[in-house]
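# Coordinate analysis (summary)
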Amino acid sequence: MKSRKKSGGVLGIVAMASIAALSLTGCTRTAPGEGGGGSAAAPGITDTAITLGVTTPLSGATAGPGTCTVAGVTAYFGSVNAAGGVKFGDGKTRTVNIKAYDDAYDPQKSLANFQQMVSDNMFAVTAGLGTPTNRAFRDAAISAKVPQVLVMTGDPLFSDRKKSPWQLGFVPIYQNEGAAFGKLLAESKAQHKVALLSQNDDYGKGYVAGFKEAIKGASNISVVGEQTYEATDTSVDAQLTQLASSGADVFFNAMSITPLVISSLQKAQQIGWKPSWFLPSNTSSPTAILEPGGAVAYPGVYTVSFAKAPQSPAFAKDADVVKFLADLKQYGNYPDVPAFPHCMWSYMVGATLEQAFKDMKEPTRDSFMTSLRNIKGLKAPLMLEGTAVDTTADGQPAVSSVLVQKYNGKGYATAENFG
């Protein structure tokens, strides 16, 4: 498979996604939910089109998943636009345009990108990857009353309506992912020693908190070692060596940096430590991470998911997957089967946004936020059975349910139990 980190691929996505910014006047200044009857159209929306911005890493270590976030949502709306566009709740049919901005997973760049989006009259910001990068402009988005929604971070702050009135996360919060694995492990009844390595920020802390809460009171589980690392680190060899000495048979690895996850899988084997692994959903790609890391050497590699994986033989002929791959190639400038789940996630973001647009009664940001927060039971394309989009619960993102899955050497299958 071709790497999506090559500059040519990234530039192709940007060229596909970038459009001329719309220059409009008039902006509602009501808070979401307060109503905006008769308000002038917000920036970024006309009677025929709406423009959304995405700030995400299109270069650097996280360019692979970052590029996917643009490709998926661009592919979804490319297909919708080709079929005539979206009929909004106000009766007008509009095309949906996406403009991408590269932040290289740098918070300062994402803030600068948001400021540029305001100048470029983006109606809303969506789909961008990263907790620190999304946090970097959250306050500015609240101040400017610009929706920052369905973003790819499991930070629960983005789904707290009081603290984040113009925000909404898309993927499950980190605590939910960690808890799902902890629950599966606790229910195994067998004795397990667990070692933890987590990113020293809200990302890592959220996973660990969810995991520990789920194993609380489970007499068969003991945490025998804990280490952290910084997102800017280039190696975690020292932490792995320390944790290997703990004798743990389970490794809870809450990491978000793709190269570090690969090198961790490789290093643990080099030092003769082969526990079962848990990996977060965003760093568990079979082709981009597990295969180069030699994951088949371990007794089990687990993650959580809510999306059908195109690489899995079980979904090779699935109607959702077939259409998704065709749209990704035709409209997302992404010809390969995606190695990262972010392509699927942002495609689902497109479906969620479309539903909000259909219910949006006025061309205002307030009306958009009201409709967005009232979606319940939406079975977006590519969602696994038992999961759905629900934006109605305060404190929860659009997707809050996950299934624990185990790597089988090619892809993942749902794990009914641990072992």
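Each remark here, short or long, concerns the structure printed above.
Owing to the predicted nature of the structure, the values given are computational and were not obtained by experimental measurement. (Residues numbered from 1 in each chain as written. Predicted model: local features only at pLDDT ≥ 70, side-chain atom pairs only at ≥ 80, totals over all residues. Heavy atoms only, no water.)

Here we come to the packing of aromatic side chains. Counting across every chain of the model gives 25 aromatic pairs. Between Phe88 and Phe357, the ring centres sit 4.8 Å apart and the planes meet at 15 degrees, which makes this aromatic pair stacked. Here Phe88, found in the loop between β2 (86-87) and β3 (93-102), pairs with Phe357, found in helix α12 (residues 342-359); they are 269 residues apart in sequence, far enough to count as distant. Across the pair, exposure class does not vary: Phe88 and Phe357 are buried alike. Through pairs of rings, three or more aromatic residues link up here, namely Tyr76, Phe77, Phe88, Phe123, Phe324, Tyr347, Phe357 and Phe368. (Phe/Tyr/Trp six-rings, centres within 6.5 Å; stacked < 30°, edge-to-face > 60°. Helix = DSSP H or I, 4+ residues; strand = E, 2+ residues; numbered from the N terminus. Buried < 20%, exposed > 50% of the residue type's maximum accessible area, 1.4 Å probe, protein only.)

With that settled, consider the sheet that holds strand β9 (residues 250-254). Reading across the sheet, the 7 strands line up as β8-β7-β9-β10-β11-β14-β15 and stay open at both edges, with mixed pairing between neighbours. The two strands at the open ends of the sheet, each matched to only one other strand, are β8 (221-229) and β15 (412-414). Neighbouring strand axes in the sheet, compared pairwise and without regard to direction, differ in orientation by 25 degrees on average. Relative to β9, strand β7 (residues 192-199) runs parallel, the two being bridged by 5 bridges. Residue pairing across strands places Ala195 opposite Phe251, the latter belonging to β9. Sitting on the sheet, helix α8 (residues 237-244) is in contact with β7, β8 and β9, with an inclination near 165 degrees to β8. Lying over the sheet, helix α10 (residues 286-293) contacts β11 (301-305), β14 (403-407) and β15, oriented at roughly 45 degrees with respect to β14. (Pairing = 2+ DSSP bridges. Axes fitted to C-alpha atoms, helices over the stretch in contact; angles between N-to-C directions. Contact = heavy atoms within 4.5 Å.)

What follows covers unusual backbone geometry. Even without being a glycine, Lys145 presents a positive backbone phi close to 55 degrees. Relative to the assigned elements, Lys145 resides in the loop between α5 (138-144) and β5 (148-151). Its relative accessible area of 22% is what places Lys145 among the partly exposed residues. Of note in the backbone geometry, Lys189 takes a positive phi value of approximately 75 degrees without being a glycine. In this fold, Lys189 is placed in the loop between α6 (174-186) and β7. In this structure Lys189 comes out as exposed when scored by relative accessible area, which is 68%.

Attention now moves to the pairing of β11. Side chains on a regular strand alternate between the two faces of the sheet. Within β11, 5 of the 5 residues are buried, leaving the element largely enclosed by the surrounding structure. Burial of the side chains of β11 extends over both faces: Val301, Thr303 and Ser305 are buried on one face and Tyr302 and Val304 on the other. Two strands pair when backbone bridges link them, and strand β10 (residues 276-278) and β11 are joined in this way by 2 bridges, in the parallel orientation. Within the sheet, the bridge partner assigned to Trp277 lies in β11 and is Val301. Once the chain exits β10 it traverses α10 before rejoining the sheet at β11, and the crossover so formed is right-handed. Pairing of β11 with β14, which is carried by 4 bridges, proceeds in the antiparallel orientation. By the bridge assignment for β14, Tyr302 is matched with Lys406. (Right-handed = clockwise from strand over helix to strand, strands pointing away.)

Another point: the packing of α6 against helix α7 (residues 202-215). Axis separation between α6 and α7 bottoms out at 7 Å; the angle between their running directions is 35 degrees. The chirality of how α6 crosses α7 is right-handed. When α6 is examined against α7, the residues Tyr174, Gln175, Glu177, Gly178, Ala179, Phe181, Gly182, Lys183, Leu185 and Ala186 are found in contact with a partner set consisting of Asp202, Tyr203, Gly206, Tyr207, Gly210, Phe211, Ala214 and Ile215. Taken together, the residues of the contact of α6 with α7 break down into 10 nonpolar, 5 polar and 3 charged. (Left-handed = near helix turned anticlockwise from the far one by under 90°. Nonpolar A, V, L, I, M, F, W, Y, C, P; charged D, E, K, R; others polar.)

Below, the discussion takes up the pattern of salt bridges. One pass over the full model with this rule turns up 13 salt bridges. The shortest N-O distance in the salt bridge between Lys308 and Asp318 comes to 3.0 Å. With Lys308 in the loop between β11 and α11 (319-331) and Asp318 in the loop between β11 and α11, this pair connects stretches of sequence that are 10 residues apart. Across the pair, Asp318 and Lys308 agree in class, each one buried. A salt bridge links Lys323 to Asp327, with the nearest nitrogen and oxygen atoms 2.7 Å apart. A residue pair is termed a helical-turn pair when its members lie 3 or 4 positions apart in one helix, as Lys323 and Asp327 do in helix α11 at 4 residues. Exposure remark for Asp327: the relative accessible area of 5% places this residue in the buried category. Because the salt bridges share partners, they merge into one network encompassing Arg135, Asp155 and Asp202. (Salt bridge = Lys/Arg side-chain N within 4 Å of Asp/Glu carboxyl O.)

This brings us to the nonpolar core. Ranked by internal contacts, the top residues of the largest apolar core, which has 89 residues, are Phe77, Phe170, Phe357 and Phe368. Per-element tally for this core: the top contributor is α12, with 10 residues. Residues contacting Phe368, with those up to four places away along its chain left out, are Phe123, Pro147, Val149, Leu353, Ala356, Phe357 and Met360. Ranked by size, the runner-up nonpolar core spans 25 residues in total, among them Tyr174, Tyr207, Ala254 and Phe278. (Core = buried A, V, L, I, M, F, W, Y, C linked by side-chain atoms within 4.5 Å.)

Another aspect to go through is the pairing of β5. Summarising the sheet, strand β4 (residues 124-126) and β5 pair through 2 bridges and their orientation is parallel. Residue pairing across strands places Val125 opposite Gln148, the latter belonging to β5. Pairing between β5 and strand β6 (residues 167-169): 3 bridges, direction parallel. By the bridge assignment, Val151 is partnered in β6 with Gly169.

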